[in-house]
Amino acid sequence: MKFFVTGAAGFIGSHICDRLLEDKSCEVVAYDNLSTGNLRFLEKAQATGRLKFIEGDLLDTERLNSAMSGCGFVFHFAANADIRRGLEHPRKDLEQNTIATFNVLEAMRQNKADKIAFPSTGPVYGEAEVIPTPESYAGVQTSLYGASKLACEGLISAYCEGFGFRAYIFRFVSILGERYPHGHVIDFYEQLRRDPSKLRILGDGNQKKSYLYIGDCLNAIFTIIEKAREKVNIYNLGVDDYCLVRDSAKWICEEMGVSPAFEFTGGDRGWVGDNPFIYLDVKKLMSLGWAPELTIEQSVKRTTRYLIENPWVADFRFAAE
């Protein structure tokens, strides 16, 4: 089969390309505008000779439609994931998430592709009153990012009904691991790399968060694709656990061998739209026979170790700041 992967040079997208190309009968068209992606993440995939990279934006519908020609299954992993700064550029989530997803669906319709895998997010539940939060929970939106992803889910579901697509929608907790470019672990790592004597932590450090290792994430994605049979398959992806942000900070410091003073900005959250308690119910996923191999602590420490061994990732991430 010929697959189309958007956001292919990004953290998760590049791992998707690697996993698909483990099957020597598969070809991948990798599509990315390189606004945050990095071609170094695709070196392994390109070495197979079965990956075609196309630099392009999802808002360029003509280029997108042409690039998707001949592909039957779309992994749509391109998105704006900057939740924290969402209120500074309200149109970005609409354009890069919702409208971009509409463009992908239209390109699928025109190219007769009929399967889509889509990474949604835990923030679609808002600040859930049911913990752990099941897929059936309907929350009030608290971030533009979460709202845009929920709108994407709605469009995908409607296209499945109207045009006979099949969809696999994954509501993620935060993903950690190799090639990790964005989030609290790299933020804390960069702070400590610059000044190991102190660490500034947004909020009070008691926010409860859940994280999932990239290898476990990929195993979950492909387990769902293999075993789920509904027209629209929606699954939470996470581990049956959570940690405090201050615990995660401690593990990062341990891995880096530093003992900084923690400085908290105060309050029960880091920014407007930051959910102080994310813990998803993953019973539905585990019923398919999947289970994570790494704990949250192991995931945090492995990610920190990767950043220490690959400082160019943080150099690339913070070059524009």
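Residues numbered from 1 in each chain as written. Predicted model: local features only at pLDDT ≥ 70, side-chain atom pairs only at ≥ 80, totals over all residues. Heavy atoms only, no water.

So, the packing of helix α4 (residues 90–111) against helix α5 (residues 144–163)
The geometry of α4 relative to α5 is characterised by a closest axis approach of 9 Å and an angle of 15° between their N-to-C directions. Here α4 is positioned roughly parallel relative to α5, judged by the angle of their axes. Note that α4 runs across α5; the crossing there is right-handed. Where α4 abuts α5, its residues Pro 90, Asp 93, Asn 97, Thr 98, Thr 101, Phe 102, Leu 105, Glu 106 and Arg 109 lie against Leu 144, Tyr 145, Ser 148, Ala 151, Cys 152, Leu 155, Ile 156, Tyr 159 and Phe 163. Tallied by class, residues from the contact of α4 with α5 come to eleven nonpolar, four polar and three charged. (Axes fitted to C-alpha atoms, helices over the stretch in contact; angles between N-to-C directions. Helix = DSSP H or I, 4+ residues; strand = E, 2+ residues; numbered from the N terminus. Parallel < 35°, antiparallel > 145°, perpendicular 65-115°, else oblique. Left-handed = near helix turned anticlockwise from the far one by under 90°. Contact = heavy atoms within 4.5 Å. Nonpolar A, V, L, I, M, F, W, Y, C, P; charged D, E, K, R; others polar.)

Points about the sheet that holds strand β2 (residues 27–32)
Spatially, the seven strands line up as an open sheet ordered β3-β2-β1-β4-β5-β6-β11, and their pairing is parallel. The open sheet has two free edges, formed respectively by β3 (51–55) and β11 (232–237), since each of these has just one partner strand. Taken pair by pair, the neighbouring strands of this sheet meet at an average axis angle of 15°, ignoring direction. Strand direction decides the pairing type here: strand β5 (residues 115–121) and strand β6 (residues 166–172), joined by seven bridges, are parallel. Opposite Pro 119, over in β6, you have Phe 170 as the bridge partner. Against the sheet, helix α1 (residues 11–20) engages β1 (2–6), β2, β3, β4 (73–76) and β6, with an angle of about 170° to β1. The strands touched by α5 are β5, β6 and β11; relative to β5, the strand with the most contacts, the crossing angle is about 155°. (Pairing = 2+ DSSP bridges.)

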